[in-house]
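Summary of structural features
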Amino acid sequence: MSKILVISAHQDLNQSVSNQLILQELENHFGDKISVRRLSDLYPDFKIDVPAEQNALVQADVVLFQYPTFWFNTPAILKKWLDDVWLYGFAYGEGGDKLHGKKLLVSTSTGSPEGVYNGEIVAKIEDLVKPVKHLALYSGFEWQGVYPLYGALYIAGVHNDEHLAQLQNNAKAHAKTLIEKLESLV
């Protein structure tokens, strides 16, 4: 089986119901075939260990970005990680072929329901992810698409237990979809 690398880019994973549960389900299913890099835990100061991150990428066959969409964009830690890690001579340019042939997909959660991302006021999720898609293609990845989990917002004290249970069920179903996709790639 191929090696799967998950780049988790949530600015406060301890506050997330859905992203935490998705990662847990992936780790439980794949065991030692998956490596999860929790960027906010590894780099709370945003000082990225570039060699460690490049090594993790080199060892992977499939890369999954798991992050919440905030204000219609990637979290700042993911952008910083991309800027620091995907360097000339590694991800592009002369000798920059280290990511060629690897597969990349995005799983993103949103606070708002799917209907908000209709392309009128707010862009469709596929359009919001285009910068990541084009970074991947430019770097030689084989793009595998985006898998959104809409309406994943939970605020303790605002939402009730029934809402929490529904979010947990949705996150588990989303993780199952990701597992099926990942299984087809490895």
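Residue numbers here run from 1 along each chain, matching the order of that chain's written sequence. This being a predicted model, a pLDDT of at least 70 is required before a residue's local features are given, and a value of 80 or more before pairs of side-chain atoms are given or counted; all residues contribute to the totals for chains, interfaces and linings. Values shown for side chains rest on all heavy atoms present in the structure; no hydrogens or waters enter the calculation.

Under an unreviewed UniProt entry, the name given to the chain is NAD(P)H dehydrogenase, and the source organism is Moraxella porci DSM 25326.

It is worth spelling out the overall build of the chain at this point. Labels follow the DSSP assignment, with helices taken as runs of H or I lasting at least four residues and strands as runs of E lasting at least two, numbered in each case from the N terminus. For the chain, the count of helices and strands is 7 helices and 5 strands. Taken over the C-alpha trace, the chain has a radius of gyration of 16 Å; the compact-globule value for 186 residues is 16 Å, and the two agree within 12%. Seen along its three principal axes, the alpha-carbon backbone of the chain occupies a region of about 55 × 40 × 35 Å. Burial classification: accessible surface area is computed with a 1.4 Å probe over protein chains only, and a residue below 20% of its type maximum counts as buried, one above 50% as exposed, and the rest as partly exposed. Going through the 186 residues of the chain one by one, you find that 45% of them count as buried. Note on contacts: a residue pair is in contact if any heavy atoms of the two residues lie within 4.5 Å. Look at the contacts in the chain between residues 6 or more apart in sequence, and 77% of them connect residues 24 or more apart. Put simply, the chain shows about 9400 Å² of open surface, and 49% of that area lies on carbon and sulfur atoms. In the chain, which carries 16 positive and 22 negative side-chain charges, the distance between the mean positions of the two groups comes to 4 Å. Computation of the radius of gyration draws on C-alpha atoms alone. For the globule rule, the value is 2.2 Å times the number of residues to the power 0.38. Values of accessible area rely on a 1.4 Å probe in the Shrake-Rupley scheme; residue burial ignores everything except the protein chains shown. The convention is simple: Lys and Arg are positive, Asp and Glu are negative, and His and the chain ends are not counted. One atom stands in for each charge, and that atom is NZ of Lys, CZ of Arg, CG of Asp or CD of Glu.

Glancing now at a nonpolar patch on the surface. Surface patches are drawn from residues lacking salt bridges whose relative accessible area is over 30%; two like charges belong together within 9 Å, two nonpolar side chains (Val, Leu, Ile, Met, Phe, Trp, Tyr) within 5 Å. By convention in these notes, a salt bridge is any Lys or Arg side-chain nitrogen within 4 Å of a carboxyl oxygen on Asp or Glu. Residues Phe70, Trp71 and Phe72 make up a contiguous nonpolar surface patch of about 380 Å² in total accessible area. You can see Phe72 is positioned in the loop between β3 (62-68) and α4 (76-85).

With that out of the way, let us pick up the nonpolar core. As used in this record, nonpolar core signifies buried Ala, Val, Leu, Ile, Met, Phe, Trp, Tyr and Cys residues forming a set joined through side-chain atoms within 4.5 Å. Of all hydrophobic cores here, the largest spans 32 residues; its most connected members are Leu57, Val63, Phe65, Trp81, Trp86 and Leu104. Here Phe65 is in contact with Ile7, Leu78, Trp81, Leu82, Trp86, Leu104, Leu105, Val106, Ser107 and Val132, once residues within four sequence places are set aside. Listed in part, the 21 residues of the second largest apolar core include Ile4, Val6, Leu21 and Leu105.

Glancing now at the packing of helix α3 (residues 50-59) against α4. Running from amino to carboxyl end, α3 crosses α4 at an angle of 90 degrees, the nearest separation of the two axes being 10 Å. Considering their axes alone, α3 and α4 lie roughly perpendicular with respect to each other. Seen from α3, the contacting residues are Val50, Glu53, Gln54 and Leu57; seen from α4, they are Trp81, Asp84 and Val85. Lines are fitted to the C-alpha atoms to define the axes, a helix being fitted only along its stretch in contact, and any angle between axes, read from their N-to-C directions, falls within 0 to 180 degrees. For classification purposes, angles smaller than 35 degrees are called roughly parallel, those larger than 145 roughly antiparallel, those between 65 and 115 roughly perpendicular, and all remaining angles oblique.

Locating Lys133 in the fold gives a position in helix α6 (residues 130-138). Judged by relative accessible area, Lys133 falls into the partly exposed class, the value being 30%. Along the backbone, Lys133 and Ala175 are 42 residues apart, and their C-alpha atoms lie at a distance of 21 Å.

What follows concerns the sheet that holds strand β5 (residues 142-149). Whether two strands pair depends on DSSP finding at least two bridges between them. Strand order in the open sheet formed by 5 strands is β2-β1-β3-β4-β5, with parallel pairing between adjacent strands. Two strands bound the open sheet, and with one partner strand each, they are β2 (34-38) and β5. Within the sheet, the average angular offset between the axes of one strand and its neighbour, ignoring direction, is 15 degrees. Here α6 sits on the sheet in contact with β3, β4 (103-109) and β5, set at roughly 160 degrees to β5. Its contacts with the sheet place helix α7 (residues 161-185) against β1 (4-8), β3, β4 and β5, and it is angled at close to 170 degrees to β5.

A few words on the pairing of β4. With 6 of 7 residues buried, β4 lies mostly within the body of the structure. The pairing of β3 with β4 spans 7 bridges and is classified as parallel. In the sheet register, Gln66 faces β4, and the bridge partner there is Ser107. A right-handed crossover is one whose linking path, passing over the helix from the first strand to the second, runs clockwise when the strands point away from the viewer. Between β3 and its parallel partner β4, the chain crosses via α4, and the hand of that crossover is right-handed. In terms of strand pairing, β4 meets β5 through 6 bridges, oriented parallel. Looking at the pairing, Ser107 lines up with Tyr147 of β5.

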